[in-house]
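Residue-level listing of the chains:
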Amino acid sequence: MRYPLNGNHMRVVLSNIGTFGDINPLIAIALELKRRGHQAVMAVPAVYGPKITPLGLEFHPVRPDLDPKNTLLAEMIYDVRKGTERGLREFLFPVLRETYDDLTAAATIPAKADLLLLGELNYAGPLVAEVTGIPWASYVLAPLSFFSAYDPPVLPMYPRLARADRAVPGMGRAIRRLARLVSRKWPQPIYDLRRELGLERGPNPLFDAKHSPNLVLALFSRVLGQPQPDWPPNTRVTGFCYYDSDAGNAALPAHLEKFLASGPAPLVFTLGSAAVLAAGRFYDYGARAAERLGMRAVLLIGSDERNRPRHALPDSICVAEYAPYSALFSRASVVIHQGGVGTTAQCLRAGKPMLIMPYSHDQPDNARRMRRLKVARTLQKQHFTPMRVARKLKVLLEDPIYAHRAQQIALRLRGEDGGRTACDALEELARSKKTRI
């Protein structure tokens, strides 16, 4: 059975599990698919339903769900040494069968999808595609996901290896082998489910099977990472896919708009949608650094009141729970953030220098790439103190190379349209698989 759409329109199920940084690019693509007349179905954790259904997109909840106030989960996942392992083995894999069942329902009810677009954290997705026979594409958000030997990533638990990747021949291959060795036991639940479904063991789910044999969308700009010889041969680099509205509302909070209009461009301190749950003293120290410099600042603290600085704030510092980056960053002087790829992309788009305090996962690698582009300085979490933050910001503010390079890159990004390029590739895949309705 096929969904009764007209002409060449198709039903596409888009699915991943993760933070807003993982889901927002999918929303951008879904909205572009909808604009083209396709049926875009979002199959993501239930917490995102209130943000998605007002956009006129079909929504199907997929387990596990996320608790946006679960600070313990955030602290676990962002632990540098064990965060990735625990996130997979204690959060995603214990409910792998439920994820499979939920996505299977979304892909077949009320009609069989023509195409699946799957993020790498939905490890049940490739199994659903294999069992149902629905063609699928995959996407990654940052170069780290390819674990290239030619452009080796920063491994959060072994950051010093990254310093040798250009000096020691073969270091890139050694880093890739190390990553596979350390994680060799993690995917056993996936192999177990494959056996239960009557499927062969298949390639490594963490490194190989997560990439579609049909199409891999690299949803980032070439300024972040250039294609490498060992990337999947069917990879398409699309450019960033931007979306940061709140259920379609892209306006700044009224008090923040008033603050921005009342003086010079402020510093902006933000930790995205997940690291903000494990903020520590980030906002307190950030506010103190701004006061040291005599600068205005915006603190995006999220919904946890514990993130509010402990000392009385002057009128030169504005606190808000959330603001769309696309509306805020262009009015900032420097953005101080955790290095998530979505936040980094918005900074590049706005043409603003950055100070990055990376946590884990792709963030240390993204931070190094920004430093190499001369648009950012970095500061490790254990060194994030008011004095050191102020010192780093002073360099970013006074050395014109950072603002100049950031503005140059922003001009380059204006020629990219990640959502359009991604949808073009998906339509081409659908035609090649003869999935027209």
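Computed from a predicted model, the values in this text were never measured in an experiment.

Trainee: Explanation requested: the side chain of Arg11 in the structure shown.
Mentor: Relative to the helices and strands, Arg11 resides in strand β1 (residues 11-15). We classify Arg11 as buried; its relative accessible area is 0%. A distance of 2.8 Å separates a polar atom in the side chain of Arg11 from a polar atom in the side chain of Glu58.

Trainee: When you look at the confidence of the model for the protein in this model, what are you seeing that I'm missing?
Mentor: Low pLDDT marks regions whose predicted coordinates should not be analysed in detail. Model confidence for the protein is summarised by a mean pLDDT of 91, while 92% of its residues fall at 70 or above. Under a pLDDT of 50 for its full length, residues 1-6 has, in the predicted model, 16 contacts with residues more than four places off or in other chains.

Trainee: In this structure, what is going on with the state of the cysteines? I would like to understand it.
Mentor: What we call a disulfide is simply a covalent bond connecting the sulfur atoms of a pair of cysteines. Tallying each qualifying case throughout the model produces zero disulfides. This cysteine, Cys318, is not joined by any disulfide, and Cys347 carries the nearest cysteine sulfur, 18 Å off. Just so you know, Cys423 is unpaired, no disulfide at all, and the nearest cysteine sulfur is the one on Cys241, 7.8 Å from it.

Trainee: Would you mind showing me how to read the sheet that holds strand β13 (residues 376-378) here?
Mentor: Adjacent strands of a sheet pair through backbone hydrogen bonds, lying either parallel or antiparallel. A sheet is described by the order of its strands in space; here six strands give the open sequence β10-β9-β8-β11-β12-β13, paired in parallel fashion. Here the strands that pair on one side only, and so sit at the sheet edges, are β10 (317-320) and β13. Direction aside, neighbouring strands of the sheet carry axes that sit 15 degrees apart on average. Helix-sheet contacts for helix α10 (residues 282-293) involve β8 (267-270), β9 (297-300), β10 and β11 (334-337), and the interaxial angle to β8 is about 170 degrees. Contacts from helix α12 (residues 341-350) reach β8, β11 and β12 (354-356), with the element oriented near 175 degrees to β11.

Trainee: Could you clarify how one ought to interpret the packing of α12 against helix α15 (residues 400-413) in this entry?
Mentor: Helices that pack against each other are described as a pair by the angle of their axes relative to one another and the distance between those axes. Following both chains from N to C, one finds α12 and α15 inclined at 95 degrees, their axes separated by 6 Å at the closest point. One way to sum up the angle between α12 and α15 is to call them roughly perpendicular. Each of Leu348, Arg349 and Ala350 in α12 lies in contact with α15, whose residues at this interface are Ala406, Ile409, Ala410 and Leu413. Looking at side-chain class alone, the contact of α12 with α15 contains six nonpolar, no polar and one charged residues.

Trainee: I tried to follow helix α5 (residues 96-108) on my own but got confused; where do I start?
Mentor: Every α-helix winds through 3.6 residues per turn, so residues three or four apart in the chain are directed the same way. The end-to-end C-alpha distance of α5 is 18 Å, a good match for the 18 Å that 13 residues give at a rise of 1.5 Å each. Those residues of α5 that fall on the buried side of the exposure criterion are Leu96, Thr99, Tyr100, Asp102, Leu103, Ala106 and Ala107.

Trainee: I would appreciate a short explanation of the packing of aromatic side chains in the present structure.
Mentor: For any pair of aromatic rings, the description rests on two quantities: the centre-to-centre distance and the angle between the ring planes. For the coordinates displayed, the defined rule picks out ten aromatic pairs. When the ring of Phe20 is compared with that of Tyr48, the centres are 4.9 Å apart and the planes differ by 80 degrees; the resulting orientation is edge-to-face. Linking Phe20 in helix α1 (residues 20-35) with Tyr48 in the loop between β2 (39-44) and α2 (49-52), this pair joins segments that are 28 residues apart in sequence. Relative accessible area serves as the criterion here: at 30%, Phe20 is assigned to the partly exposed category. Arranged with centres 4.2 Å apart and planes meeting at 25 degrees, the rings of Phe146 and Trp231 form a pair that is stacked. Within this pair, whereas Phe146 is found in the loop between β5 (136-140) and α7 (171-182), its partner Trp231 is found in the loop between β6 (216-218) and β7 (235-237), the two being separated by 85 residues in sequence.

Trainee: Explanation requested: helix α13 (residues 363-372) in the structure shown.
Mentor: Counting buried residues along α13, eight of its ten residues qualify, which places the element largely inside the surrounding structure. Burial in α13 covers these residues: Gln363, Pro364, Asp365, Asn366, Ala367, Arg368, Arg369 and Met370. At its buried positions, α13 is contacted by α12, β12 and β13. Lys374 sits one or two residues past α13 and shows a positive phi near 65 degrees.

Trainee: Just checking my understanding: could you explain the environment of Leu373 for this structure?
Mentor: Its location among the elements puts Leu373 in the loop between α13 and β13. Separated by 29 residues in sequence, Leu373 and Tyr402 place their C-alpha atoms 9.0 Å apart. Those residues within four positions of Leu373 in sequence are excluded, and the remaining contacts are Val223, Arg405 and Ile409.

Trainee: Whenever I open this one, the pattern of salt bridges confuses me. Can you help?
Mentor: Opposite charge on two side chains makes pairing possible when the charged atoms of those side chains draw close. For the coordinates displayed, the defined rule picks out 25 salt bridges. When the shortest N-O distance is used, the salt bridge between Arg36 and Asp424 registers 2.8 Å. Residue Arg36 is located in the loop between α1 and β2, and its partner Asp424 is located in helix α16 (residues 418-432); the two are separated by 388 residues in the primary sequence. According to the relative accessible area criterion, Asp424 is partly exposed, its value standing at 30%. Shared partners join several salt bridges into a network, and the residues in it are Glu32, Arg35, Arg36, Asp424 and Glu427.

What counts and what doesn't
- Residues numbered from 1 in each chain as written.
- Predicted model: local features only at pLDDT ≥ 70, side-chain atom pairs only at ≥ 80, totals over all residues.
- Heavy atoms only, no water.
- Helix = DSSP H or I, 4+ residues; strand = E, 2+ residues; numbered from the N terminus.
- Buried < 20%, exposed > 50% of the residue type's maximum accessible area, 1.4 Å probe, protein only.
- Polar contact = N/O pair within 3.5 Å; in protein donor to acceptor, adjacent residues only side chain to side chain.
- pLDDT = per-residue confidence, 0-100.
- Contact = heavy atoms within 4.5 Å.
- Disulfide = S-S within 2.5 Å.
- Pairing = 2+ DSSP bridges.
- Axes fitted to C-alpha atoms, helices over the stretch in contact; angles between N-to-C directions.
- Parallel < 35°, antiparallel > 145°, perpendicular 65-115°, else oblique.
- Nonpolar A, V, L, I, M, F, W, Y, C, P; charged D, E, K, R; others polar.
- Expected span 1.5 Å × (residues − 1).
- Phe/Tyr/Trp six-rings, centres within 6.5 Å; stacked < 30°, edge-to-face > 60°.
- Salt bridge = Lys/Arg side-chain N within 4 Å of Asp/Glu carboxyl O.

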